[in-house]
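Read off the chains here:
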Amino acid sequence: MSNRRFEEVVELMARLRGPEGCPWDREQTPLSLRSNLIEETYEVLDAIERHDPEALKEELGDLLLQVLFHAQMAKEQGRFSIDDVLTHLHDKLIRRHPHVFGEARAHTPQEALHRWETMKAADKAASQSATSLDAVSAHQPALQEAYEISRRAAGVGFEWEKFDDLLDKAREEAEELRRAQASGDKEWLEDEAGDLLFVAVNVARYLGYDPELALRRTNRRFRRRFAEVEAELARSGRRPQDATAAELNELWELVKSREPE
């Protein structure tokens, strides 16, 4: 792709936001586009997980549109432009890859990641964040925020020594949730449900998995199995709401038994 093509798209975005442009585009603000940015990000993930290069090509373009949209709005406010975004990215890539552009060495992916994280920590320290968690945005999906919080806390030593300790913590939180449910205290119950979810995030992180991706994988599996349960019921002219909980569970186990181990 030529630099000119990129410049053409930037110019298109400026025109869409201009006086003779699109009324909807002119009306948008960074806050109003939050859901669009999240949606486009997940659609990119979906295309990746489906191994669909044509869809990925399109979804990456839609995600890039969001970047250009935000940069154009910032330019109109005199804050920064897409050129500033690219310059910042260019400098960051060089600064955080001293093993490529400097004299440091990294012979494995793990060593490279360690150097990236080291440089990232140095950048955050230079910004004078008050605590280790200040750099974690609170304006993101709670699952991702929990992952980032626990990952950063573990990075400074606040971590379980072994996996069994983490499982013990999960059992402890499950027991506290049981007591909260029995008490009838809704606020306590919500707190304990959140604590159990937070431990579950830590379980995935400790094992080396992104909890968001792990949960998406589970969601897809649940969708597939439940669709098969509905198909089994449809063969006899029934719907899920026509079956008892025991019947639904029996069909669920049947569907599971058909899957390869």
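In this text, all values refer to a predicted model and were calculated from it rather than measured experimentally.

Turning our attention to the overall build of the protein chain. From N to C terminus, the protein chain includes 12 helices and zero strands. The C-alpha atoms of the protein chain give 24 Å as radius of gyration, which overshoots the globular expectation for 261 residues (18 Å, by more than 25%). Looking at the protein chain residue by residue over its 261 residues, the buried ones come to 23%. Within the protein chain, contacts between residues at least 6 apart in sequence are counted, and of these 50% link residues at least 24 apart. Of the roughly 18,400 Å² that the protein chain leaves accessible, carbon and sulfur atoms contribute 56%. Across the protein chain, the 38 positively charged side chains and the 53 negatively charged ones have centroids separated by 2 Å.

So, on to the packing of helix α11 (residues 211–234) against helix α12 (residues 245–258). Look at α11 against α12: their axes get within 9 Å of each other, and the N-to-C directions meet at 115°. Handedness of the α11/α12 crossing: right-handed. Residues F222, R225, F226, E228, V229, E232 and L233 of α11 lie in contact with α12, whose contacting residues are L248, L251, W252, V255, K256 and R258. The class makeup of the residues in the contact of α11 with α12 is eight nonpolar, no polar and five charged.

A cluster of nonpolar side chains, L64, V67, F80 and V85, forms an exposed patch at the surface whose accessible area comes to about 270 Å². One can find V67 in helix α4 (residues 53–76). Exposure remark for V67: the relative accessible area of 38% places this residue in the partly exposed category.

Right, let's get into unusual backbone geometry. The phi dihedral of H51 falls on the positive side, at around 55°, and the residue is not glycine. In this fold, H51 is placed in the loop between α3 (34–49) and α4.

With that settled, consider the packing of aromatic side chains. This model, assessed by the stated rule, comprises four aromatic pairs. Between F222 and W252, the ring centres sit 4.9 Å apart and the planes meet at 40°, which makes this aromatic pair tilted. Of this pair, F222 sits in helix α11 while W252 sits in helix α12; the two residues are 30 residues apart in sequence, bridging distant segments of the chain. Under the relative-accessibility criterion, W252 is labelled buried at 18%. One aromatic cluster is present, formed by F222, F226 and W252 through successive ring pairs.

Another point: the nonpolar core. Listed in full, the seven residues of the largest apolar core are M13, L33, L68, F69, A71, M73 and I82. Broken down by element, the residue count for this core peaks at four residues, all from α4. Excluding its chain neighbours within four sequence positions, the residues that come into contact with I82 are F6, V10, V67, L68 and A71. Judged by nonpolar contacts, the second largest core, of six residues, contains V229, A243, L251 and V255.

A word on the confidence of the model for the protein chain. Taken over all residues, the pLDDT of the protein chain has a mean of 91, while the share at 70 or more is 97%. When mean pLDDT is compared element by element in the protein chain, α4 scores highest at 97, while helix α7 (residues 109–126) scores lowest at 76.

Turning our attention to the pattern of salt bridges. Under the counting rule described, the total for this entry stands at 23 salt bridges. The salt bridge involving K169 is made with E173; its shortest N-O contact spans 3.3 Å. In this pair, K169 and E173 are both assigned in helix α9 (residues 163–183), four residues apart and thus about one turn of the helix distant. Judged by relative accessible area, E173 falls into the buried class, the value being 6%. Here the salt bridges share partners, and the residues they tie into one network are R4, R5, E7, E8 and E11.

Thresholds, definitions, all that
Residues numbered from 1 in each chain as written. Predicted model: local features only at pLDDT ≥ 70, side-chain atom pairs only at ≥ 80, totals over all residues. Heavy atoms only, no water. Helix = DSSP H or I, 4+ residues; strand = E, 2+ residues; numbered from the N terminus. Rg over C-alpha atoms; globule rule 2.2 N^0.38 Å. Buried < 20%, exposed > 50% of the residue type's maximum accessible area, 1.4 Å probe, protein only. Contact = heavy atoms within 4.5 Å. Areas by Shrake-Rupley, 256 points an atom, 1.4 Å probe, with all protein chains shown as cover. Lys, Arg positive; Asp, Glu negative; His and termini not counted. Charge placed at Lys NZ, Arg CZ, Asp CG, Glu CD. Axes fitted to C-alpha atoms, helices over the stretch in contact; angles between N-to-C directions. Left-handed = near helix turned anticlockwise from the far one by under 90°. Nonpolar A, V, L, I, M, F, W, Y, C, P; charged D, E, K, R; others polar. Patch = residues over 30% accessible without salt bridge, like charges linked within 9 Å, V, L, I, M, F, W, Y side chains within 5 Å. Salt bridge = Lys/Arg side-chain N within 4 Å of Asp/Glu carboxyl O. Phe/Tyr/Trp six-rings, centres within 6.5 Å; stacked < 30°, edge-to-face > 60°. Core = buried A, V, L, I, M, F, W, Y, C linked by side-chain atoms within 4.5 Å. pLDDT = per-residue confidence, 0-100.

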